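# A closer look at the structure
As a plain string of letters, each chain reads:
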Amino acid sequence: MSTLLISGGTILTSDDENSVIENGYVLVDGNIIVEVGSGQPMASNCDEVIDASGSLVCPGFINAHTHLCMIFGRSLGSDRSLLHWLSDSQLPLMRALETEDYALSMELGAIENIKAGNTTICEVFVSPHYADGVDEVSIASLDRTGIRSIFFRCSNDESFLDEAFLETRHNIIKRSERLIRHWKNNARTRVGIGPLVPWGASADAFEDAVQLSQENNVIMHLHTAETPEYNDLVRQRTGKSNVEMLADVGVLGDRTMLNHCVHLSDHDIGLIAETGSHVIHDPTSNMLLAAGVAPISKLRSAGINIGLACDGPSCNNTQDMIQVMKDAALLQKVVTLQPDALIAKDVFAMATRGGARAIGMGSSLGSIQTGFLADLILIDTQVPHLTPMHDPMATLVYSARGSDVQTVIIDGRIVMQDRHITTVDETEILVKARERAVRARQCAGL
Ligand SMILES: [Zn+2]
């Protein structure tokens, strides 16, 4: 195993005490952090040394919900409500994409995430081209970039805004099992499952998903109570809220990630808390699509674990988790009129440990401590907008940007150095993505 030493930076550990180490070092052996401290380590001969003087060293961010499969739709159909934005622009564009476009979308999106310091992503994948094996091609493409990911293969069997996105229960099970089998021994690229939305899947399809999850030990993820329509659509069919219906079909539990959770009753919050389900918060997307404000203070008071997410590149419209941390904090302050409703260290914990817990990796990811996976980022603070730095945590959350991230290490491997991506050809991917996005838009008549 090769060793890597990062020395001289200010380390924001995101450990249980939220320790900050000035002039610290992190020693990595293979893909594991083996030593963290201040000053210099005992061992002096490392295979590679990174000088982190003047940098913040943080655990990589966990972007716990995105749709890289929709990246070609970035900036298309802006300023509409969620369901109109989907029906009028995004879904027609996705129909016009070909398999190679989805593969390219994964690469483009992974590069964008890495360049913003997001070392783990939850790709909530959906496509009308599952019959062409688009899921298999896409996950392989994502893996090639070196990013850590959970690829949630999502679909619905009963209703959606566009019929092309529906699959039979038989095909959902068969294709999900194939994907799970293929990737089961890969620790960095994992498969998850889930119906896409609670108003699109039958009770039987939910029960299939629960069974698949239990039999294969994979986690589940779905959109929940994002807009008022979400609850209305489910209530018309079942008389229940999103969360009540999910409780009925056995979906809630500590292996389930509920994304958005904006429109919840106190009863819903009680059900989420007592089942240990995880909530993922996407404040920037919620503002952009006018979805509403998630009751983060209430969820935190109920003891619910919360991760943070950008949501897709076409409904954020970037993959900048630093901006998302700031938006999360500001949004809670402005709606509660309480400056401490959500503070910098809370959102940092949500963007790191909270996300790790949500994907079942709370004891191995999302923190800089001995024995944890070496997913690390270096942020250059020697720039005007980060000067002076009286408080490193407040500087990170309220002043920094994703583009300040200089170096990214995932699973012990340097995947970006001085903003140069080392795993795939960024320039070639950008050129191709521009061409293919224009082609798809023309084909879709948009
Ligand atoms: Zn989403």
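Predicted model only: the values in this text are computed from it and were never measured.

## A short note on the pairing of strand S8 (residues 148-155)
The buried count for S8 comes to eight of eight residues, which makes it a mostly enclosed element. The alternating pattern of S8 places Arg148, Ile150, Phe152 and Cys154 and Ser149, Phe151, Arg153 and Ser155 on opposite faces, both of which are buried. Traced from strand S7 (residues 118-125) through helix H3 (residues 134-144) to S8, the parallel crossover comes out right-handed.

## Quick notes on the state of the cysteines
Overall, the coordinates contain zero disulfides when judged by the stated rule. The structure places no disulfide on Cys58, whose sulfur is separated from the nearest cysteine sulfur, that of Cys310, by 15 Å. On the basis of relative accessibility, which here comes to 0%, the residue Cys58 falls in the buried class. The structure places no disulfide on Cys315, whose sulfur is separated from the nearest cysteine sulfur, that of Cys310, by 9.7 Å. Judged by its relative accessible area of 3%, Cys315 falls in the buried class.

## What about a nonpolar patch on the surface?
The grouping of Val293, Val334 and Val335 at the surface amounts to a nonpolar patch, some 230 Å² of accessible area in total. Here Val293 lies in the loop between helix H9 (283-288) and helix H10 (296-301). Of the residues examined, Val293 reaches a relative accessible area of 32% and is grouped as partly exposed.

## Some points on the environment of Asn316
Tracing the backbone shows Asn316 in the loop between strand S13 (306-308) and helix H11 (321-336). Relative accessible area serves as the criterion here: at 6%, Asn316 is assigned to the buried category. Between the C-alpha atoms of Asn316 and Val49, which are 267 residues apart in sequence, the distance is 36 Å. Each residue touching Asn316, except ones within four places of it in the same chain, is listed here: Thr284, Leu288, Cys310, Gln323 and Val324. Of the polar contacts made by the side chain of Asn316, one reaches the backbone nitrogen of Thr318; its length is 3.1 Å.

## Overview of the domain arrangement of the chain
Many structure descriptions define interface size as the accessible area lost when the parts assemble. What the domain assignment reports for the chain is domain 1 (3-60 + 364-420) and domain 2 (61-358). Computed from C-alpha atoms alone, the centre-to-centre distance between domain 1 and domain 2 is 28 Å. Listed by partner, the interface residues are 34 residues for domain 1 and 30 residues for domain 2. Together, Val397, Tyr398 and Ile410 form the three largest contributors to the area buried by domain 1 at its contact with domain 2, with a combined 25%. Inspection of the domain 1/domain 2 interface yields three salt bridges. With its nearest N and O atoms 3.3 Å apart, the salt bridge here joins Arg353 to Asp16. Looking at the side of domain 1 that touches domain 2, the elements with two or more residues in it are strand S5 (55-59), strand S14 (376-380), helix H13 (392-399), strand S15 (405-410) and strand S16 (413-417). Sorting elements by how many residues they give to the side of domain 1 that touches domain 2 places H13 first, with five residues.

## A closer look at the coordination of the zinc ion
In the first shell of the zinc ion, the protein supplies His65 (NE2), His67 (NE2) and His223 (NE2), at 2.1 to 2.2 Å from the metal. Sequence positions of the donors to the zinc ion reduce to the motif H-x1-H-x155-H. Of this pair, His65 sits in strand S6 (residues 61-66) while His223 is found in strand S10 (residues 220-224), placing the two residues 158 residues apart along the sequence.

Definitions and cut-offs
- Residues numbered from 1 in each chain as written.
- Predicted model: local features only at pLDDT ≥ 70, side-chain atom pairs only at ≥ 80, totals over all residues.
- Heavy atoms only, no water.
- Buried < 20%, exposed > 50% of the residue type's maximum accessible area, 1.4 Å probe, protein only.
- Helix = DSSP H or I, 4+ residues; strand = E, 2+ residues; numbered from the N terminus.
- Right-handed = clockwise from strand over helix to strand, strands pointing away.
- Disulfide = S-S within 2.5 Å.
- Patch = residues over 30% accessible without salt bridge, like charges linked within 9 Å, V, L, I, M, F, W, Y side chains within 5 Å.
- Areas by Shrake-Rupley, 256 points an atom, 1.4 Å probe, with all protein chains shown as cover.
- Salt bridge = Lys/Arg side-chain N within 4 Å of Asp/Glu carboxyl O.
- Contact = heavy atoms within 4.5 Å.
- Polar contact = N/O pair within 3.5 Å; in protein donor to acceptor, adjacent residues only side chain to side chain.
- Domains from an automatic or database assignment.
- Buried area = accessible area lost by both parts, 1.4 Å probe.
- Donors = N, O, S within 2.8 Å, 3.2 Å for Na, K, Ca; no water.

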